[in-house]
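Read off the chains here:
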Amino acid sequence: MTTAVSLEQVRARQRGVLRLLRLLVLLVAVLVEIGGAASRPRPGTAGVHLVVLLAMIGFAIGAAGVLLSEDEHRGRSAVFLVVIVAASAVLVAAQPSGPAGLGAFVAVAVAAIRLRGTASGAIVVLAMAALPVAELLGNRHSVEAIALDVTGVLAFYVMAMLANWLREGQQRTEELLRELTESRAAQANAAALAERQRLAREMHDVLAHSLSGLALELEGGRLLAESRHTDPEVVRKLEHAHRLAKSGLAEARRAIGLLRDEDLPGPEGLPQLLHHLQHDTAVPASFSTTGVQRSLAPEAQLTLYRTAQEALTNVRKHARCTRLEMQLAYEDRGTRLTVENFGTAVEGRTQQDKGGYGLTGMRERAELLGGSLTADHTSTGFRVELWIPS
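Residues numbered from 1 in each chain as written. Predicted model: local features only at pLDDT ≥ 70, side-chain atom pairs only at ≥ 80, totals over all residues. Heavy atoms only, no water.

*Asks:* What is the right way to read the overall build of the protein chain from this model?
*Replies:* Secondary structure assignment for the protein chain yields eleven helices and five strands. Long-range contacts, defined here as pairs at least 24 residues apart, represent 70% of the contacts in the protein chain between residues at least 6 apart. Summed over its atoms, the accessible surface of the protein chain is roughly 21,700 Å², and 61% of this surface lies on carbon and sulfur atoms. (Helix = DSSP H or I, 4+ residues; strand = E, 2+ residues; numbered from the N terminus. Contact = heavy atoms within 4.5 Å. Areas by Shrake-Rupley, 256 points an atom, 1.4 Å probe, with all protein chains shown as cover.)

*Asks:* Can you walk me through helix α3 (residues 74–94) in this structure?
*Replies:* Think of an α-helix as turning once every 3.6 residues; residues three or four places apart then point the same way. Taking 1.5 Å per residue as the helical rise, α3 with its 21 residues ought to reach 30 Å, and the 30 Å between its terminal C-alpha atoms agrees with that figure. The complete set of buried residues in α3 reads Ser 77, Ala 78, Leu 81, Ile 84, Val 85, Ala 87, Ser 88, Ala 89, Leu 91, Val 92 and Ala 94. (Expected span 1.5 Å × (residues − 1). Buried < 20%, exposed > 50% of the residue type's maximum accessible area, 1.4 Å probe, protein only.)

*Asks:* Is there a simple way to think about the pairing of strand β5 (residues 381–389) in this case?
*Replies:* For a regular strand, side-chain orientation follows a simple rule: the groups alternate between the two sheet faces. Both strand β3 (residues 334–342) and β5 contribute to a ladder of nine bridges, which runs antiparallel. Residue pairing for β5: Thr 338 is matched across the bridge by Glu 385. Two strands pair when backbone bridges link them, and strand β4 (residues 372–377) and β5 are joined in this way by six bridges, in the antiparallel orientation. Bridging across to β5, Leu 373 finds its partner in Leu 386. Between β4 and β5, which pair antiparallel one after the other, the connecting turn spans three residues. (Pairing = 2+ DSSP bridges.)

*Asks:* I tried to follow the nonpolar core on my own but got confused; where do I start?
*Replies:* The nonpolar side chains of soluble globular proteins are, as a tendency, buried together. By size, the foremost hydrophobic cluster in this structure holds 42 residues, and its most contacted members are Phe 59, Leu 81, Leu 91, Val 108, Val 110, Ile 123 and Val 153. Among the elements that make up this core, the one with the highest residue count is helix α4 (residues 101–114) (ten residues). If sequence neighbours within four positions are ignored, Phe 59 has contacts with Val 28, Ala 29, Val 32, Glu 33, Ile 84, Ala 87, Ser 88 and Gly 103. Ranked by size, the runner-up nonpolar core spans 28 residues in total, among them Ala 308, Leu 312, Leu 359 and Leu 386. (Core = buried A, V, L, I, M, F, W, Y, C linked by side-chain atoms within 4.5 Å.)

*Asks:* I tried to follow the packing of aromatic side chains on my own but got confused; where do I start?
*Replies:* Inspection of the entire model under this criterion finds one aromatic pair. Against the face of Phe 342 rests Arg 323, its NZ or CZ located 4.0 Å from the ring centre. (Phe/Tyr/Trp six-rings, centres within 6.5 Å; stacked < 30°, edge-to-face > 60°. Lys NZ or Arg CZ within 6 Å of the ring centre and 35° of its normal.)

*Asks:* Would you take a moment to explain the side chain of Asp 149 for this structure?
*Replies:* Relative to the assigned elements, Asp 149 resides in helix α6 (residues 143–227). Relative accessible area serves as the criterion here: at 11%, Asp 149 is assigned to the buried category. Other than its neighbours up to four places away in sequence, Asp 149 contacts Phe 105, Leu 131 and Glu 135.

These figures come from the coordinates and say nothing about function on their own.
Below, the structure written as structure tokens:
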């Protein structure tokens, strides 16, 4: 947050300096035009009056060109600055009492900020040469006036150069802050990736191995029970437990894949979840989608999948379900998943009233995405509804 604020402050100062420069050019242009119109000789259509008029027009064109040119168009800016300096010199020569000298001062300031190297220096040399000559042509042979013009040109140029160095320093600061932000983000990502890889290794070494061993033991127990003609119900239970262990092993491997940034499960896996439920419980189940299907963010599609998985797990464990419906709706503002079971749900009511951790975790996932999850009893069973914004 501090870095972002600092970057914005740097940009604001840069924009402020450029706005101030444009405002200064505009004010000086207005002063020169008003002063030129009020000073003698006034603009006209003959003789020196015509010279004054043409110089005022040239000054206005140069000022407008500088105001309308972008900072990156240095060649165009240089041309307009030369026009301003030349027009200012002509007005100083023709109207010794006018304010035209200010135009040359502002021109060198703009040159210091917009131009670089020899182009900027050329504008300064032109102004330092043109103004004294204009003073002499205007019959003002005062050494003080000539010295004031030269000093004014240098002063405006030096101040503008200092402002330009400050702006460049701010730009370098901005680049350093951006690099620092990117570096911190990269470090955070690297740390998160390292932790996820560590968790993936732990899950693989502990959970996956344990589930794999459990699946093998259950399969061996089932085969042993069959060979000894054990009660068929015991065999079916062992077979069901074996399938659950294999499913858990697949889920553990999938979780390891998630930690390693592999493909995330999403809406496309919902029909398969229902198929497993029907196979294991013989509960009739249906799946439907409405709206225009669209791609979802990785976290959103994972939340959809996990919520459906948790709802179906609760059906297996707690509900005496006679029918189940799952609907995925792609709405204008988000995506809605509804899982509803029909039939008696006395055990489900007891478990839900205690507050299961599974649905609590799903609710937290939804809230992190700006969505919501509701799970409540209906007159015919139990409904879980997830909504995630687009």
